[in-house]
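The chain contents come next:
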Amino acid sequence: MENENPYQLFNAQILIDWKQNGITYIKLVELDSELAIKFFELIPNSEIPDSGDTIYHIDSEDVEDLLEPSPNVKFLVHEIYLEEED
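How each quantity is defined
- Residues numbered from 1 in each chain as written.
- Predicted model: local features only at pLDDT ≥ 70, side-chain atom pairs only at ≥ 80, totals over all residues.
- Heavy atoms only, no water.
- Salt bridge = Lys/Arg side-chain N within 4 Å of Asp/Glu carboxyl O.
- Helix = DSSP H or I, 4+ residues; strand = E, 2+ residues; numbered from the N terminus.
- Buried < 20%, exposed > 50% of the residue type's maximum accessible area, 1.4 Å probe, protein only.
- Contact = heavy atoms within 4.5 Å.
- Phe/Tyr/Trp six-rings, centres within 6.5 Å; stacked < 30°, edge-to-face > 60°.

Draft legend 1. Quick look at the pattern of salt bridges. Counted under the stated rule, the structure contains two salt bridges. Among the salt bridges present, the one from Lys-19 reaches Asp-59, with a minimum N-O distance of 3.4 Å. On the criterion of sequence distance, the pair formed by Lys-19 in helix H1 (residues 12-20) and Asp-59 in the loop between strand E4 (54-57) and helix H2 (61-65) is long-range, its members being 40 residues apart. On the accessibility criterion, Lys-19 (35% relative accessible area) is partly exposed. Here Lys-19 and Glu-64 are joined by a salt bridge, their closest N and O atoms 4.0 Å apart. With Lys-19 in helix H1 and Glu-64 in helix H2, this pair connects stretches of sequence that are 45 residues apart.

If you want it as structure tokens, here you go:
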């Protein structure tokens, strides 16, 4: 049985695609991990924060900053948010 990772690192192409598909907000949710690296999942068009979650407008500088590589923090996108919208 293959253990396929459903996550992909957030990148400039994902950001462009999301903007073209009308995404306006991104929520950051910290994922549980026993590693020294912190992992955050990016959830598009989620405008309602849960406790401790952060919401960014897609055009904010903060979203651009998520594209910068960091050895201790990784921003991930689940494959369900990468599918093309018709």
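Draft legend 2. Structural detail: the environment of Leu-66. Residue placement: Leu-66 occurs in the loop between H2 and strand E5 (73-78). When the C-alpha atoms of Leu-66 and Leu-76 are compared, they prove to be 9.9 Å apart, with ten residues separating the residues in sequence. Apart from the residues lying within four places of it in its own chain, the contact partners of Leu-66 are Phe-10, Leu-28, Leu-42 and Phe-75.

Draft legend 3. Spotlight on the packing of aromatic side chains. Inspection of every chain in the model, using the stated rule, returns two aromatic pairs. Measuring from ring centre to ring centre gives 5.7 Å for Phe-40 and Phe-75, while their planes differ by 25 degrees; the resulting arrangement is stacked. Of this pair, Phe-40 sits in strand E3 (residues 38-44) while Phe-75 sits in strand E5, placing them 35 residues apart in sequence. Like Phe-40, the residue Phe-75 is buried in the burial classification.

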